[in-house]
Amino acid sequence: MSVGCQYEVQPEPCITSREIGCQTDIARRSKSVSTQLSKGTLEKKRSHACQAKVSVSTIGVGTDTIRAVPRFTSIPQKVAGQCDSPPRKRPRLELSDLPSFLESEDTTFMDPDDSTYLQSIDDDSTTEKPPVKSIQDMAKYIVYEDCLLDLFNICPVCSRSCVVKTYTRGTLLSVDQQCTHQTCMYTRKWDSQPLIGSSPAGNIHLSAAVYFTGTSMVQMNKVLSALRVKTLSRTTFNKHVKSYIQPAIIHKWKMDQQSLLLDLKQKEHVWLGGDMRADSPGHSAKFGAYSIMDLATNRVVDIQLIQSNEVGGSVWMEKEGLIRSLAFLDESGVKAASLVTDRHPQVQKYLREQRPDIMHYYDVWHVAKGINKKVEGVAKENGCEKVKKWQASIKNHLYWSAANSSSGGETVAKWTSLMNHIQNIHVHEDPLFPACLHGPTTSTSKWLKPATKPYYRLEKVLENKRLLKDISKLSPLHQTSNLEVFHSVILKFAPKNVAFSYHGMLCRLYLTAFHFNENAGRCQARTAQGDLRYRVCFPKAKKGAPSVEQVKTPQTCRYVDELLNLLFNKVLHDPAPFVEQLKAVSVPQPLCSQYERPEKGEVIANYVSRFSRPGMA
């Protein structure tokens, strides 16, 4: 091998002491300037002035193979008044002065920039190699252009200035360095990141990181543009999403869903919760996402995305979503024993007539919300101001009646006892609940008198026949409050003010499920002393009244790392089977497909502004 060395030379006119070895990446070059010595010469003579000390370091070269190159302890400085010509005679080394790993009789000296350099060292089984990091795990840094190009302006061989050319491709920077001196002609090509096929790895990684975290590429480009960081175009981002990112999300959801269904198959009694979330705050929603949750573990089991033109309008989407979810669970072998939903009329009728095998319950929060709104309206009427004092108690009594009853009839009996209680009567006629369970009461100004306007108005609200029928079906054990939390998390990944394609909305719903399921079992945080942590907040609904919330442990996003590993280790190597899973998803026709598309010129010709005036151009 050829080993560059540091040497001493007697001062002569136009002779300088130069460092021939370089500390750069393996690159193309047209001339070898390293020590040209033979083994025989080294064995016969010894130069006492030579004190070469070589160490080996590993340098990554863009997308090229990682190799080891010699690194020298110091770089001699150019002496003033000396010219750039090389020394007339190079000092010789004795074999004993070589590093220990080169002290062998069959040692061959070669050019350090040769592609076969240190091949024997790489093959040595005793050499410890550092662990190779995957592309997605490598650290990235923000590097300023001028600081980076300072590394390429000077030739590492002859220390003269070089011609440097750069070009970018998204986040990729490629540098071509060439020394123009005729005796050197050193050239090198350097890339700032490896390539996966023909695509820069950083471009794919940025697209995946933005999508997997639910971030908007439009907003991300605004941030990067303000920072003057080179970024992707929307076309490149959309190509990555359709070709790699969405197939990875679909595949991971299928795998995770199978694991969740396998756990549900082993349960004898499965409590499920169902509810729909529309993508529009109004009544003209395009998409409706019906979610089924295992209420025992608070994990989303299935999500059905329905487009309004599939069922004839947005009002029919919730029923269709429930039908599809239950059919999917039946095919998967999951037996739903109980289902908790809101009081949607179409859902009630379908479960009552088509699925009598499922015990249907209503969520208490939805019922309490409707009652509270009506009681508040009564309290605003003239002469009914005293009803306001019972508003919170009525809501609490509804929750207590549902949670402490063994049957629907007992729930109704406890609820109707409220009309006696507010009159300070605590013995009731219904045998299912003959007397109040509280202790002796003191006189209070809250009691309502019978045969008065507040009493009649409140009785009309609380003992409505339809309400009593619904109260008998209140869920005594589980509620759908966590489903409402899941719907609020969707706003992070799929905001309602942004329009998405069918595949885009479906994948963002799956990302929400990944995030929610991973953090559903978080426990309450503790202080350094081991005490449970709480925080005091002031909800808008309570109008200034304080409320206490549990402080949970920090959220995690391990699903992002799992998706990145799946993307870089499997999808990018063979995307075909993953793309097939994406194509297997049935996509309905666009909403505008039922209308005939006119010519653009005709539409422009018929355009008239509502603010235009006669005679104005």
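Residues numbered from 1 in each chain as written. Predicted model: local features only at pLDDT ≥ 70, side-chain atom pairs only at ≥ 80, totals over all residues. Heavy atoms only, no water.

### Things to note about the sheet that holds strand 4 (residues 172-179)
Turning to step 1, where the next piece is worked out: Reading across from one edge, 3-4-5 is the order of the three strands in this open sheet, with antiparallel pairing throughout. Lying at the two open borders of the sheet, with one neighbouring strand each, are strand 3 (162-169) and strand 5 (187-191). Averaged over all neighbouring strand pairs, the angle between strand axes comes to 15°, with direction disregarded.
Turning to step 2, where the next piece is worked out: Relative to strand 5, strand 4 runs antiparallel, the two being bridged by five bridges. Within strand 5, the residue paired with Asp-176 across the bridge is Lys-189. (Pairing = 2+ DSSP bridges. Helix = DSSP H or I, 4+ residues; strand = E, 2+ residues; numbered from the N terminus. Axes fitted to C-alpha atoms, helices over the stretch in contact; angles between N-to-C directions.)

### Considerations on the pairing of strand 10 (residues 299-307)
Turning to step 1, where the next piece is worked out: Of all nine residues making up strand 10, eight are buried, and the element is well covered by its neighbours.
Turning to step 2, where the next piece is worked out: As paired elements, strand 9 (residues 287-294) and strand 10 share eight bridges and run antiparallel to each other. When the sheet's bridge partners are listed, Ala-289 is paired in strand 10 with Leu-305.
Turning to step 3, where the next piece is worked out: Adjacent in sequence and paired antiparallel, strand 9 and strand 10 are bridged by four residues, among which Asn-298 carries a positive phi angle near 60°. (Buried < 20%, exposed > 50% of the residue type's maximum accessible area, 1.4 Å probe, protein only.)

### Observations regarding the nonpolar core
Proteins that are soluble and globular tend to have nonpolar side chains buried together.
Turning to step 1, where the next piece is worked out: Core analysis: the biggest nonpolar cluster contains 57 residues, and Phe-212, Ile-249, Phe-486 and Leu-567 have the highest contact counts within it.
Turning to step 2, where the next piece is worked out: Broken down by element, the residue count for this core peaks at 10 residues, all from helix 16 (residues 502-519).
Turning to step 3, where the next piece is worked out: Residue contacts for Phe-486: discarding those within four places in its chain leaves Ser-291, Met-293, Val-300, Ile-303, Leu-509, Thr-512, Ala-513 and Phe-516. (Core = buried A, V, L, I, M, F, W, Y, C linked by side-chain atoms within 4.5 Å. Contact = heavy atoms within 4.5 Å.)

### Details of helix 17 (residues 558-571)
Turning to step 1, where the next piece is worked out: Taking 1.5 Å per residue as the helical rise, helix 17 with its 14 residues ought to reach 20 Å, and the 18 Å between its terminal C-alpha atoms agrees with that figure.
Turning to step 2, where the next piece is worked out: Along helix 17, the positions that sit buried rather than exposed are Tyr-559, Val-560, Leu-563, Leu-564, Leu-566, Leu-567, Phe-568 and Val-571.
Turning to step 3, where the next piece is worked out: Buried positions along helix 17 lie against strand 6 (195-196), helix 4 (201-212), helix 6 (234-265), helix 15 (481-493), helix 16 and helix 18 (576-583). (Expected span 1.5 Å × (residues − 1).)

### Points about the sheet that holds strand 12 (residues 359-362)
Turning to step 1, where the next piece is worked out: The strand order across the open sheet formed by five strands is 10-9-8-11-12, and the pairing between neighbours is mixed. Strands at the two margins of the open sheet, each flanked by one partner only, are strand 10 and strand 12. Each strand of the sheet is rotated relative to its neighbour by a mean of 25°, with strand direction disregarded.
Turning to step 2, where the next piece is worked out: Judged from the four bridges that link them, strand 11 (residues 336-341) and strand 12 form a sheet pairing that is parallel. Residue pairing across strands places Thr-341 opposite Tyr-362, the latter belonging to strand 12.
Turning to step 3, where the next piece is worked out: Where helix 8 (residues 317-331) meets the sheet, its contacts fall on strand 8 (270-278), strand 9, strand 10 and strand 11, and the angle it forms with strand 10 comes to roughly 130°.
Turning to step 4, where the next piece is worked out: Against the sheet, helix 16 touches strand 9 and strand 10, its axis set at about 165° to strand 10.

### Structural notes on the confidence of the model for the protein
Turning to step 1, where the next piece is worked out: For the protein, per-residue confidence averages 82 on the pLDDT scale, and residues scoring 70 or more make up 78% of the total.
Turning to step 2, where the next piece is worked out: Segment residues 1-125 is flagged for pLDDT under 50; beyond a separation of four residues in sequence, or across chains, it makes 203 contacts in the model. (pLDDT = per-residue confidence, 0-100.)

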